[in-house]
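# Summary of the model geometry
The chain contents come next:
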Amino acid sequence: LDATIAKNFAIKIDGNIEVNFEGFEAVIDAVGGVDIELTPIEAAYLNNRHSSWKLKIGMNHLDGKQALTYARLRKVGKGDFERTQRQRQVLMAVFDQVKDIRIDELISFVHNLFPLLTTDMSNSQILSLGTKVLGMDLDTLETYRIPEDGSYEEMRVYASDGTAMDVLIPDLSDNRYYFYNNIYAAGD
């Protein structure tokens, strides 16, 4: 992912944290679950996939397995755009759960979850970042996605075997500017 971002956006990213599906569930469970508002179609789809779940339209408290299933939904709404929005909602809900955590709880939290993460940061760097984040006004935290609205074309391409794929062809120049401006210039 780092190489892809560097090649396409001319931005070097460091300070990454990656978690697999099992780790994702464990992180959600470690924070006590997350509150997510479900649309009628999301609630129906999730309940149909897992007959034991009794999720309702509106606000629900999701455990790790439910949050992962919600975040991965592709067949509901507008495909990947809504799927990535759901992923951002889950991340924001995690921030909501930990924003009032005490420093001793943060240390224990990081220590227990560190084995589930793949990262280029040390435990102390993650703790330092965590204390900075906890000191921020998380109510003003914003999320973004690439490609930016209006900066891509939808296209159907065909593989050599005739298989069709719907893809987005981004305007890399516009998206480089958007990416850079929202990561680096936003704090200025």
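Here, the structure is the one placed above.
Residues numbered from 1 in each chain as written. Predicted model: local features only at pLDDT ≥ 70, side-chain atom pairs only at ≥ 80, totals over all residues. Heavy atoms only, no water.

### Side note on the nonpolar core
Counting 21 residues, the largest nonpolar core has Val-34, Ile-36, Tyr-70 and Val-90 as its most contacted members. Looking at this core, the elements that each hand over two or more residues are helix 2 (21-30), strand 2 (34-38), helix 3 (40-49), helix 4 (64-72) and helix 5 (79-98). If sequence neighbours within four positions are ignored, Val-34 has contacts with Ile-28, Asn-60, His-61, Leu-62, Ala-67, Val-90, Ala-93, Val-94 and Gln-97. (Core = buried A, V, L, I, M, F, W, Y, C linked by side-chain atoms within 4.5 Å. Buried < 20%, exposed > 50% of the residue type's maximum accessible area, 1.4 Å probe, protein only. Helix = DSSP H or I, 4+ residues; strand = E, 2+ residues; numbered from the N terminus. Contact = heavy atoms within 4.5 Å.)

### Brief notes about the packing of aromatic side chains
The description of an aromatic ring pair uses the distance of the two centres, along with the angle that the planes make with each other. In total, this model carries 3 aromatic pairs according to the counting rule given. Here the aromatic rings of Phe-9 and Phe-179 are separated by 5.0 Å at their centres, their planes lie at 80°, and the arrangement is edge-to-face. Of the two residues, Phe-9 is situated in helix 1 (residues 2-9) and Phe-179 in helix 8 (residues 172-185); the sequence distance between them amounts to 170 residues. Like Phe-9, the residue Phe-179 is buried in the burial classification. With a centroid separation of 6.0 Å and an interplanar angle of 85°, the aromatic rings of Tyr-144 and Tyr-178 are classed as edge-to-face. With Tyr-144 in the loop between helix 7 (123-134) and strand 5 (152-158) and Tyr-178 in helix 8, the pair connects residues that are 34 residues apart, well separated along the chain. The exposure class of Tyr-144 is partly exposed, given its relative accessible area of 37%. (Phe/Tyr/Trp six-rings, centres within 6.5 Å; stacked < 30°, edge-to-face > 60°.)

### Notes on helix 8
Taking 1.5 Å per residue as the helical rise, helix 8 with its 14 residues ought to reach 20 Å, and the 18 Å between its terminal C-alpha atoms agrees with that figure. Along helix 8, the residues classified as buried are Asn-175, Tyr-178 and Phe-179. Within helix 8, the buried residues cover an arc of 95° as seen down the axis, which keeps them to one side. When the buried face of helix 8 is taken as reference, the exposed residues oriented beyond 90 degrees from it are Ser-173 and Tyr-177. As for helix 8, its buried residues are in contact with helix 1 and strand 6 (164-170). Sitting at the head of helix 8, Asp-171 places a side-chain oxygen 3.1 Å from the backbone nitrogen of Ser-173. (Expected span 1.5 Å × (residues − 1). Arc of directions from axis to C-beta. Polar contact = N/O pair within 3.5 Å; in protein donor to acceptor, adjacent residues only side chain to side chain.)

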